[in-house]
Amino acid sequence: MPPEYIPTEIEKKWQERWAADHLYEVEESDPRPKWYALTMFPYTSGDLHIGHWYAMAPSDVHARFKRMQGYKVLHPMGFDAFGLPAENAAIKRGIQPRKWTMDNVENMRRQLKSIGAVYDWRREAITCVPEYYRWTQWLFLQLYKGGLAYRAKAPANWCPSCQTVLANEQVKDGQCERCDTPVTHRDLEQWFLRITNYAEELLRHDGIEWPERIKIMQRNWIGRSEGAELSFDISHLGLPEKDLRVFTTRPDTVYGVTFMVLAPEHPLVPALTAPQRRAEVEAYVESARRETEIQRLSTEREKTGVALGTEAVVPFNGRRVPLLIADYVLLGYGTGVVMGVPAHDQRDFDFAKKYGLPIPIVIAPPDWNGKDLTEAYVAEGTMVNSGPFEGTPSEQGKAAVAEYAQQKGWGGPKVSYRLRDWLISRQRYWGAPIPIVYCPHCGTVPVPETELPVLLPDEAEFKPTGESPLKYVQGFVSTRCPQCGHPAQRETDTMDTFICSSWYFLRYTSPGYDKGAWDPERMHHWMPVDQYTGGAEHATMHLLYARFFTKALRDLGLVSCDEPFLRLFNQGTIVLGHHKMSKSRGNVVTPDVYVGEHGADAVRMYLMFLGPWEHGGEWNDAGLNGVVRWLNRVWRLALEDSSVLGSVVSSEEARRALLRVTHQTIRRVTQDLETFQFNTMVAALMEFTNYLGQVWQDRTADKELWHFARDTLLLLLAPSTPHLAEELWVRTGHTYSIHSQPFPTWDDTLAAEEQITLVIQVNGRLRDRVTVPASIPEARAKELALSQEKVQPHVAGKQVEKVVYVPGRLVNIVVR
RNA sequence: GCCCGGGUGGCGGAAUCGGCAGACGCGACGGACUUAAAAUCCGUUCCCCGGUGAGGGGGUGUGGGUUCGAGACCCACCCCGGGCACCA
């Protein structure tokens with residue numbers, strides 16, 4: 001009787017052995033080619049759920065596969081540890097955020113180790129420890145010195161529940177990305193990073209293999225529009241500003257402008273408001289400010305606005321047009337002012353109808369009969385009532401008008417982006433303090449690098465006041481100006497945690513390095529990341545920020561690559577009750593129970609077998625049994641006493657068949673691993689096991705051949721079920737460790753089919769199948785097909801029109 | 001509204017370049033072993049007609065089309081998921 005498969009025992013044993021032998025620690029001096037395999041690090045929520053495993057187990061399998069293929073694989077792990085939940089725990093349960101977070105780290109590290117992954121734990125990075133955020137602050141200072149960080153007062157997205165501002169990327173459908181609370185607006189002095197400087201480069205995804213979907217999302221997010229900036233004269237109002245500039249994608253319609261609309265928050269609104277209009281305008285501005293993002297962005301709502309009582313002059317035709325404000329105009333896009341062309345823009349059309357403004361047609365539809373429009377005509381046409389451009393096709397008119405404007409000094413061609421600068425200030429406690437001091441004499445002064453880190457004080461009141469809790473920590477706020485030594489105050493906002501995760505992949509290359517954020521040589525050695533895996537929900541947040549950071553740091557001479565992540569794969573999400581698992585929602589399934597019962601190997605395998613990795617899906621453990629049963633079969637089969645095969649002389653045919661199936665399996669498994677098609681890889685391994693079971697039962701393999709096939713199975717299993725494979729490898733008389741063995745390679749000649757099933761159709765309908773040599777000549781195949789008994793009734797008495805032959809597949813007899 | 005994915009048995013899913021639809025597994029049903037159960041092993045399992053056989057017909061969201069041949073390609077539509085959305 002072979003011993004029983006007790007996963008928990010062997011898993012514990014091998015995990016300890018691998019750690020003791022430093023099996024998965026990688027050194028730069030290792031001469032093998034490098035492979036940097038990275039999985040998005042988890043947030044320190046407290047418990048690893050099955051969704052985390054779904055992200056991490058298959059990516060570890062891929063990393064292990066690369067390892068066996070001869071790469072030295074850097075596959076690090078760490079913790080995204082700053083963030084609001086730690087603060088909420090402090091408020092709710094009176095636990096200090098640091099303690100709450102570090103306890104979670106302890107627990108999650110233990111859970112992560114149970115996966116049996118190749119993580120090199122010496123390289124662990126935890127973003128909330130001073131040794132890490134010291135360099136987060138240092139990087140902020142480099143960006144500041146490079147002119148990429150600035151402070152400005154602007155209306156910011158405000159989450160009333162989180163009591164902090166949010167970046168645009170963190171607002172989804174007008175709601176806070178974290179807590180789904182409707183977002184409002186606040187005017188605050190905030191720190192921004194100039195991601196817009198990189199808009200054009202971020203649009204290009206040169207040299208990186210990313211899913212098309214993610215690239216499209218990023219392109220949509222950046223939102224490049226070509227058009228013109230045109231100026232409208234307001235010099236007659238006697239203000240310091242002599243013109244109002246607008247961005248438009250339709251400069252060809254400028255002769256149709258009949259009004260202009262400013263965003264209610266536009267700084268020129270007070271100056272442009274006529275005294276008799278002031279009360280109404282102020283009331284409107286106030287109501288617009290109070291609206292939530294959702295109300296304001298609703299496209300269903302009727303357009304509202306008020307007139308300022310002043311006018312601008314369209315320089316192209318001298319028309320005087322009224323100035324208005326309306327909340328459909330956004331301060332943050334373009335110049336915050338739009339030209340109203342009611343005939344050729346539906347929003348302007350609706351607005352003009354409501355307020356009784358004229359709607360002159362300046363782009364004639366091809367079949368225009370001179371009548372008024374019932375809706376805006378937004379398609380191409382011929383320019384009419386357009387001065388020197390009369391008769392120009394509108395498509396050409398766009399560039400022509402922009403060009404003309406440039407000559408006349410009324411503006412010119414312009415590209416505009418939807419992307420805004422990244423707002424990084426947060427009125428929260430649990431984050432990296434922004435290393436800035438405000439001095440009454442010297443103004444905004446960066447903290448000297450030698451004084452970093454600016455330590456986050458442990459004691460703070462977590463009252464949700466809308467201001468950073470740090471504001472009330474006197475010992476933190478009160479400081480001296482690094483320049484003049486006079487009493488000064490520290491910035492009390494902390495940084496968006498997405499800053500911390502914008503460079504963690506760089507820190508992994510040289511953990512513990514204390515002369516900089518990373519060791520330039522080691523960073524250069526490992527970067528860029530060869531394979532990144534993680535959820536698609538980060539398309540326009542983390543993935544965009546990390547690319548921006550890399551490019552900005554490259555321009556500051558700190559990073560040696562243009563892109564951080566060469567290849568990207570997005571696994572799907574495991575949901576429960578149609579919701580993403582999250583601790584706050586309370587729908588988490590912990591893997592610990594399954595691991596305790598069936599072992600990590602079975603859970604790893606099952607997660608891969610569920611379906612295509614990119615799909616994710618509803619969690620259901622019903623099929624786990626099947627994987628457990630199979631692994632037990634593998635166990636028993638591998639440990640069968642092969643000495644009983646000593647007398648077997650396998651036939652040449654059986655020999656070739658086993659070799660063929662083995663090599664075909666190596667090919668299938670290898671190709672599936674390379675393309676992340678884990679589910680079909682598992683199926684291939686199951687089929688191979690079934691086949692070997694049959695071979696064993698029939699005793700058709702001699703001992704040597706059996707050992708070859710069995711060992712191949714173990715080697716192919718090694719990335720997926722590392723513990724089981726190791727145990728069986730050693731038990732079958734091999735030397736530890738299977739994970740230092742090369743991955744099997746296949747021989748196409750041996751894998752080639754000798755016999756094929758030739759499908760015989762009549763008029764495309766299956767009538768028979770015959771087994772024939774793969775090399776069968778076309779004439780013979782057709783002849784064979786026509787002579788088949790089952791084919792006869794379907795061709796008898798009919799005219800054979802033609803016979804289609806697809807080599808290696810089928811013959812289709814077309815009859816009439 | 002616009003832009004991406006996707007829709008295949010009771011379930012998860014497979015199907016290379018247009019060539020045997022349903023691999024692999026779950027579940028279910030039947031059987032072997034057992035005093036019994038668990039475990040294990042064997043068989044059946046898309047639907048309909050036919051006798052439970054031989055055989056035939058239908059079938060990959062719906063309706064058309066291209067083709068010797070369509071799950072895959074084209075057109076129109078329905079549904080589901082994701083992204084963007086008053087972006088001038």
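Going by the structure above, here's the rest.
Read on for a plain summary of the structure. The model shown is predicted, which means the values in this text are computed figures rather than measured ones.

Looking at the protein's contact with RNA strand B
Reasoning step 1: Around RNA strand B, the surrounding shell holds 54 residues, and the nearest of these are K303, R347, R418, R765 and R769.
Reasoning step 2: Those atoms of RNA strand B that come within 4 Å of the protein belong to sugar or phosphate at a rate of 65%.
Reasoning step 3: A distance of 2.7 Å is found between a base nitrogen of RNA strand B and a backbone nitrogen or oxygen belonging to L330.
Reasoning step 4: One of the backbone nitrogen or oxygen atoms of L610 is found 2.4 Å away from a sugar or linking oxygen of RNA strand B.
Reasoning step 5: In terms of residue count, the dominant contributor to the surface near RNA strand B is helix α22 (residues 678–698) (6 residues).

Quick notes on the pattern of salt bridges
Reasoning step 1: One pass over the full model with this rule turns up 59 salt bridges.
Reasoning step 2: Residue D748 pairs with R667 through a salt bridge whose shortest N-O separation is 2.8 Å. Residue D748 is located in helix α25 (residues 748–751), and its partner R667 is located in helix α21 (residues 652–674); the two are separated by 81 residues in the primary sequence.
Reasoning step 3: Residues participating in the shared-partner salt-bridge network are E25, E27, E28, D120, R122, R123 and R522.

Structural notes on the pairing of strand β9 (residues 184–193)
Reasoning step 1: Here 10 bridges tie strand β5 (residues 149–159) to β9, and the two strands are oriented antiparallel to one another. Within the sheet, the bridge partner assigned to A154 lies in β9 and is L188.

Overview of the sheet that holds strand β30 (residues 616–618)
Reasoning step 1: An order of β29-β28-β30 is seen for the 3 strands of this open sheet, with the pairing classed as mixed. A single partner strand is all that each edge strand has here, and the edge strands are β29 (579–580) and β30.
Reasoning step 2: As paired strands, strand β28 (residues 573–576) and β30 are joined by 3 bridges and run parallel to one another. Residue pairing for β30: T573 is matched across the bridge by G616.

What about the sheet that holds strand β1 (residues 34–39)?
Reasoning step 1: Taking strand neighbours across the sheet as the criterion, the 4 strands line up as β2-β1-β26-β27 in an open arrangement whose pairing is parallel. With one partner strand each, in any of the chains shown, β2 (72–74) and β27 (565–571) form the two edges of the open sheet. Ignoring which end each strand starts from, the neighbouring axes of this sheet average 20° apart.
Reasoning step 2: In this structure, β1 lies alongside strand β26 (residues 529–535), joined through 3 bridges in parallel fashion. Looking at β26, one finds that A37 is bridged to Q531.
Reasoning step 3: Each of β1, β2, β26 and β27 is contacted by helix α2 (residues 50–68), which is oriented at about 175° to β1, the strand it contacts most.

Quick notes on the packing of helix α20 (residues 624–638) against helix α23 (residues 703–717)
Helix-helix packing: each pair is described by the crossing angle between the helix axes and the interaxial distance.
Reasoning step 1: Running from amino to carboxyl end, α20 crosses α23 at an angle of 145°, the nearest separation of the two axes being 11 Å. The interaxial crossing formed by α20 with α23 has left-handed handedness. When α20 is examined against α23, the residues W630, V634, L637 and A638 are found in contact with a partner set consisting of W706, R710, L713, L714 and L717.
Reasoning step 2: Within the contact of α20 with α23, the residues separate by chemical class into 8 nonpolar, no polar and 1 charged.

Focus on the packing of α21 against α22
Reasoning step 1: Running from N to C, α21 and α22 cross one another at 165°; their axes reach a closest spacing of 8 Å. What the angle tells us is that α21 and α22 run roughly antiparallel. The interaxial crossing formed by α21 with α22 has left-handed handedness. Two secondary-structure elements touch here, α21 through A657, L658, V661, T662, T665, R668, V669, D672 and L673 and α22 through F678, T680, M681, A684, L685, E687, F688, Y691, L692 and V695.

Comments concerning the nonpolar core
When a protein is soluble and globular, its nonpolar side chains tend to lie buried together.
Reasoning step 1: Core analysis: the biggest nonpolar cluster contains 182 residues, and W422, F505 and F549 have the highest contact counts within it.
Reasoning step 2: In terms of residue count, α22 provides more of this core than any other element does, 10 residues in total.
Reasoning step 3: Contact partners of F549, with chain neighbours within four places excluded, come to L139, L143, L193, W422, I499, S502 and W503.
Reasoning step 4: Counting 54 residues, the second largest nonpolar core, distinct from the first, contains I234, L239, Y284 and A312.

Description of unusual backbone geometry
Trans is the common state for peptide bonds, and a negative phi is the common state for residues other than glycine.
Reasoning step 1: Omega for the peptide link from L452 to P453 comes to 5°, which places this bond in the cis form.
Reasoning step 2: As for its placement among the helices and strands, P453 is situated in the loop between β22 (443–446) and α13 (474–477).
Reasoning step 3: Look at the link from Y736 to S737: it is a cis peptide, with omega at 10°.
Reasoning step 4: Summarising the element assignment, S737 is placed in the loop between α24 (722–731) and α25.
Reasoning step 5: Even without being a glycine, Q163 presents a positive backbone phi close to 55°.
Reasoning step 6: You can see Q163 is positioned in the loop between β5 and β6 (164–166).

Points about the pairing of strand β21 (residues 436–439)
Reasoning step 1: A two-sided burial pattern is seen for β21, the buried positions comprising I436 and Y438 on one face and V437 and C439 on the other.
Reasoning step 2: Bridge analysis of β21 against β22 gives 4 bridges, and the strand direction is antiparallel. Residue pairing for β22: I436 is matched across the bridge by P446.
Reasoning step 3: In this structure, the hairpin formed by β21 and β22 is closed by a connection of 3 residues.

Examining α24
Reasoning step 1: Counting buried positions along α24 yields 8 of 10 residues, so the element is predominantly enclosed.
Reasoning step 2: Of the residues making up α24, those classed as buried are P722, H723, L724, A725, E726, E727, L728 and W729.
Reasoning step 3: On its buried face, α24 sits against α1 (7–20), α2, α19 (600–609), α20 and α23.
Reasoning step 4: At the exit of α24 stands G733, carrying a positive phi of roughly 90°.

A closer look at helix α26 (residues 778–787)
Reasoning step 1: Buried within α26 are the following residues: A781, L784 and A785. Buried residues of α26 fall within an arc of 100° about the axis and therefore sit on the same side.
Reasoning step 2: Contact partners of the buried residues in α26: β31 (755–762), β32 (765–773), β33 (800–806) and β34 (810–815).

Rules and cut-offs
- Residues numbered from 1 in each chain as written.
- Chains lettered and ligands numbered in written order.
- Predicted model: local features only at pLDDT ≥ 70, side-chain atom pairs only at ≥ 80, totals over all residues.
- Heavy atoms only, no water.
- Near = heavy atom within 4 Å.
- Polar contact = N/O pair within 3.5 Å; in protein donor to acceptor, adjacent residues only side chain to side chain.
- Helix = DSSP H or I, 4+ residues; strand = E, 2+ residues; numbered from the N terminus.
- Salt bridge = Lys/Arg side-chain N within 4 Å of Asp/Glu carboxyl O.
- Pairing = 2+ DSSP bridges.
- Axes fitted to C-alpha atoms, helices over the stretch in contact; angles between N-to-C directions.
- Contact = heavy atoms within 4.5 Å.
- Left-handed = near helix turned anticlockwise from the far one by under 90°.
- Nonpolar A, V, L, I, M, F, W, Y, C, P; charged D, E, K, R; others polar.
- Parallel < 35°, antiparallel > 145°, perpendicular 65-115°, else oblique.
- Core = buried A, V, L, I, M, F, W, Y, C linked by side-chain atoms within 4.5 Å.
- Buried < 20%, exposed > 50% of the residue type's maximum accessible area, 1.4 Å probe, protein only.
- Arc of directions from axis to C-beta.

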